[in-house]
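# Understanding the architecture of this molecule
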Amino acid sequence: MFTGIVEELGEFLRLDWHGDGGVATIRGPLVSSDARPGDSIAVNGVCLTVVVAEGDGFTVDVMKETFDRSALGSLKPGDPVNLERAATLQTRLGGHLVQGHVDGVGAIVARASGERWDDVTVALPPGLSRYVVEKGSITVDGVSLTVVSVSDTDFAVSLIPTTLALTTLGRKGVGDLVNLEVDVIGKYVEKMVGARA
């Protein structure tokens, strides 16, 4: 479980393919400082399990399902990545409850820079709009954000200076892909209500 508050802007070093999966190596001195094999680290919002933690980096196994449901396969060596260690019972919940289970990949369709913040519009994959509500939470590349507006095909968020400076979202432009995770509460409510209908 995560909170969507990025701890560190890391660097994607490489991906070694093994069949339809692979082993990714990521540099992140802060999140690696106390990482052990078996720990969970969110990489651009994808919960991955540490296989090896050495020095200022770590490696993770990435299976086909993860590549199919996220934008991790499009990362190139040197690309920045948002990193967050799993929450503990002592962690402040500054964002919202994030599982690190990506629901789909969206593309940035519009970006407007203001004096202090940017307004960004992201296309929604089919079927996800029902889980996105105005003033609700959504995770974009591992960043907990508040939805400003939503339609059947896209949603908009505003990025404050801290988000622009400390996450990959400050560097992404129109056409760039982002991992999306909707608020899990809506999915559970839908399943429970549907089971009673």
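Details of the structure are given in the entry above.
Below or above, wherever it landed, is the structure these notes cover. Note that the structure is a prediction, hence the values are computed from the model and not measured.

Either a parallel or an antiparallel arrangement is found when strands of a sheet pair, and the pairing is made through backbone hydrogen bonds. Around the barrel, which closes on itself, the six strands sit in the order β7-β8-β11-β10-β9-β12 with antiparallel pairing between neighbours. For this sheet the average axis-to-axis angle between neighbouring strands, irrespective of direction, equals 45°. Inspection of the sheet shows strand β9 (residues 137-140) paired to strand β12 (residues 177-182) by three bridges, in the antiparallel sense. In the sheet register, Thr-139 faces β12, and the bridge partner there is Glu-181.

Attention now moves to the environment of Gly-55. Secondary-structure assignment places Gly-55 in the loop between β4 (46-54) and β5 (57-62). Looking at Gly-55, the relative accessible area reads 70%, which means it is exposed. As a C-alpha pair, Gly-55 and Pro-29 span 26 residues in sequence and 7.4 Å in three-dimensional space.

Moving on, we get to the sheet that holds strand β1 (residues 8-18). Judged by pairing direction, the barrel is antiparallel, and its six strands sit side by side in the order β1-β2-β5-β4-β3-β6 before closing back on the first. The average undirected angle you get between the axes of adjacent strands in this sheet is 45°. When β4 meets β5, the two strands line up antiparallel, connected through four bridges. Its bridge partner being in β5, Ala-53 is matched across the sheet by Phe-58.

The rules behind the values
Note that residues are indexed from 1 along each chain, following the sequence as it is written. Under the rules for a predicted model, residues below a pLDDT of 70 receive no local features and side-chain atom pairs below 80 are neither given nor counted, while totals for whole chains, interfaces and linings still include all residues. In computing side-chain properties, one takes all heavy atoms of the structure into account and sets aside hydrogens as well as water. By the convention used here, strands pair only if DSSP detects at least 2 bridges between them. Working definition: helices are DSSP H or I runs of at least four residues, strands are E runs of at least two. Numbering for both runs from the N terminus. Axis lines are fitted to C-alpha atoms, over the contacting stretch for helices. Their N-to-C directions set the angle, which ranges from 0 to 180 degrees. Relative accessibility thresholds used throughout: buried, under 20% of the residue-type maximum; exposed, over 50%; partly exposed, between the two (1.4 Å probe, protein chains only).

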